[in-house]
Amino acid sequence: MKPTTILQELKQAAEQLGMEVRTEKGNFRGGRCTVAGTPVIMLNKRHMPEVRLRILADALRDAPLDTIYLKPSVRDALEEAWEQLETPPEATHAR
């Protein structure tokens, strides 16, 4: 499944969980925050879809994802993104 498709599925999942997902241009990394009591996930439109996917996955890490349906391929991509987030950068480079 393409990263853009997975990204769209995860955005819908976040919205089902009561989180607003906003994609905007700017000089920011992105992530989860609270605006006027509403959880918001900010994604930077200038980032590649793979980067936005990792940021969205990180923001959903503590969400009750077991309460909603996710396609198996989307759940696999989410778990893979979590694994990448836990791997130190130096472990991914060969020396």
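I will try to describe carefully the structure that is included in this document. (Residues numbered from 1 in each chain as written. Predicted model: local features only at pLDDT ≥ 70, side-chain atom pairs only at ≥ 80, totals over all residues. Heavy atoms only, no water.)

Positive phi is not limited to glycine here, since A36 has a value of about 55°. By the secondary structure assignment, A36 is in the loop between strand 2 (30-35) and strand 3 (38-44). (Helix = DSSP H or I, 4+ residues; strand = E, 2+ residues; numbered from the N terminus.)

On to the pairing of strand 2. Relative to strand 3, strand 2 is paired through six bridges, and the arrangement is antiparallel. Looking at the pairing, G30 lines up with L43 of strand 3. Counting the residues in the hairpin turn of strand 2 and strand 3 gives two residues, including A36, whose phi is positive at 55°. (Pairing = 2+ DSSP bridges.)

For the structure shown, the criterion picks out four salt bridges. Notably, a salt bridge pairs E9 with K71, separated by 3.1 Å at the nearest N-O pair. Of this pair, E9 sits in helix 1 (residues 3-16) while K71 sits in the loop between helix 2 (49-59) and helix 3 (72-86), and the two are 62 residues apart along the sequence. (Salt bridge = Lys/Arg side-chain N within 4 Å of Asp/Glu carboxyl O.)

With that out of the way, let us pick up the environment of R54. Within the element layout of this structure, R54 appears in helix 2. Its relative accessible area of 31% is what places R54 among the partly exposed residues. Distance in space between the C-alpha atoms of R54 and I6 is 11 Å, their sequence separation being 48 residues. If we ignore the near neighbours within four places in the chain, the residues touching R54 are A81, Q84 and L85. (Buried < 20%, exposed > 50% of the residue type's maximum accessible area, 1.4 Å probe, protein only. Contact = heavy atoms within 4.5 Å.)

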